[in-house]
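# Per-entry structural report
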Amino acid sequence: MNQEQISSLIFVPNRLPPVSMDIPTYFLPQIWFAILGICLFFYIMLDGFNLGVGILSLTASSAEHRSLLINSLSYVWAANEAWLVLMGGALSGAFPLAYTVIFNALHIPAIIMLVGLAFRAVAFKFRKSSGNKLFWDIAFGTGSLLAALAQGFALGAVFKGLTVNEVGNFTGRAWDWLSWQSGLVALTLIQGYILMGSTYLILKNRETPQAVHYRAAKISALMTLIGAVFVTISSPILYEKLRRGLLSSPKVYLFSSVLTLGILLIWCLIKSLNQQQKAAPFVWNILIVMVSFLGLGLTVFPVIIPPSITIYEAATSPRSMVLMLIFVGTLIPLLLVYSIYQYVAFLINRLKWIIAVLS
């Protein structure tokens, strides 16, 4: 390894891509940054309302209501975590430095999340044949809550920033992720999941009391809005580097446009809930998630680990990123096809049930 290669491994805070950087080295990290965002978006979109329904099952008024909530996920909960696994693999392959820092900094919430997801999966399977459904119902809801809570703390810790030294090694403490800022993000994310779960139940489950779901959706929408507004306002005030990035041109105009669009979508969501529409709240909710991801991406880009590690510093070699593109480029369409198949199977089963009732 020559001196130039060695120097390329040295971490330099806030280093921008040099002007002389060739096209693959410049654009491939951006492509992989977008792929990570896509994987995370599909996970949140597909598993978010599953976690939300699981959390809502803890507040069900009766065993029958709780059973209806959990059974509503029978056809749409499998393999959603595959997007999370794919995102982890993409992060470790395309941005190994970022993966190492995140793993060292957030191993405790990662373990809690995995335990919650595993507990939820086991409970969902065992409750079908168990005589004590209450225990497994509570386990399912608790697993969902643990997974959502851990994800929120991890997201909040990354957004707040991780402590690294001059060569990019994590130098913080194991409990740095536990702070009031990350706790606020966790509570906001949980309310967002509850909102997704409520709008899903409004759309799909007519056997359960709809007034309860409309009320839960309104409350969670208000709480999510309050949390999101507080995080949006306080983060630039608390973190100078984030404030400088957001106030720079053209990012300030892009972020302002995304923020305006998000407020408009939230107004449309609340209006559809007040009018007790069926499909519209879920659709508006998905659009809000899309806009939120777009705003988050614009806020941190090109930083992948706030406050200092950029995608260019954390990226692996261009050859490795190209080879991974071939592999991931095959997996993403397969996962999309399978996810679509789940919902098609759900709709077909629903049609059979309606025909059987009518006949």
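As the structure is a computational prediction, the values presented were derived from the model and not from experiment.

Looking at the chain, pLDDT values average 79 and 82% of them are 70 or higher. Confidence over residues 1-16 falls short of pLDDT 50; this stretch has 23 contacts with residues more than four positions distant or in other chains.

On to the environment of Leu-298. One can find Leu-298 in helix H12 (residues 280-300). Residues Leu-298 and Val-252 lie 46 residues apart in sequence; the distance between their C-alpha atoms is 9.4 Å.

So, on to the pattern of salt bridges. What the rule picks out here adds up to four salt bridges. Close ionic contact of Arg-66 with Asp-137 constitutes a salt bridge, the shortest N to O distance being 3.3 Å. Taken together, the positions of Arg-66 in helix H3 (residues 63-71) and Asp-137 in helix H7 (residues 133-160) put the pair 71 residues apart, joining distant regions of the chain. With respect to burial, Arg-66 and Asp-137 carry one shared label: buried. The partner of Arg-173 in a salt bridge is Asp-176, and the shortest N-O contact between them spans 3.2 Å.

Following the criterion strictly, the structure yields 14 aromatic pairs and no others. Both rings, one in Phe-33 and one in Phe-301, keep their centres 5.4 Å apart while their planes meet at 65°; by these two values the pair is edge-to-face. Note that Phe-33 is positioned in helix H2 (residues 23-57) and Phe-301 in the loop between H12 and strand E1 (303-305), a separation of 268 residues in sequence. Since its relative accessible area comes to 18%, Phe-33 is described here as buried. Three or more aromatic residues link up through ring pairs in this structure, and these residues are Phe-41, Phe-42, Trp-83 and Phe-293.

Taken together, the buried positions of helix H5 (residues 96-105) are occupied by Ala-98, Val-101 and Ala-105. Each buried residue of H5 lies within a common arc of 65° when the element is viewed along its axis, so the set occupies one face. Packed against the buried residues of H5 are helix H4 (82-94), helix H6 (107-126), E1, strand E2 (309-310) and helix H13 (311-314).

Quick look at the nonpolar core now. As a rule of thumb, soluble globular proteins bury nonpolar side chains together. Core analysis: the largest hydrophobic core is formed by 77 residues, its most contacted members being Trp-32, Tyr-43, Trp-83, Phe-95, Tyr-193 and Ile-304. Top element by residues in this core is H2. It accounts for 17 residues. Tyr-193 has contacts with Tyr-43, Ile-44, Gly-48, Leu-51, Gly-52, Ala-148 and Gln-151, leaving out every residue within four places of it along the chain. Counting 12 residues, the second largest nonpolar core, distinct from the first, contains Leu-195, Ala-221, Ile-266 and Leu-269.

Here is what the cut-offs are and how they apply
Residues numbered from 1 in each chain as written. Predicted model: local features only at pLDDT ≥ 70, side-chain atom pairs only at ≥ 80, totals over all residues. Heavy atoms only, no water. pLDDT = per-residue confidence, 0-100. Contact = heavy atoms within 4.5 Å. Helix = DSSP H or I, 4+ residues; strand = E, 2+ residues; numbered from the N terminus. Salt bridge = Lys/Arg side-chain N within 4 Å of Asp/Glu carboxyl O. Buried < 20%, exposed > 50% of the residue type's maximum accessible area, 1.4 Å probe, protein only. Phe/Tyr/Trp six-rings, centres within 6.5 Å; stacked < 30°, edge-to-face > 60°. Arc of directions from axis to C-beta. Core = buried A, V, L, I, M, F, W, Y, C linked by side-chain atoms within 4.5 Å.

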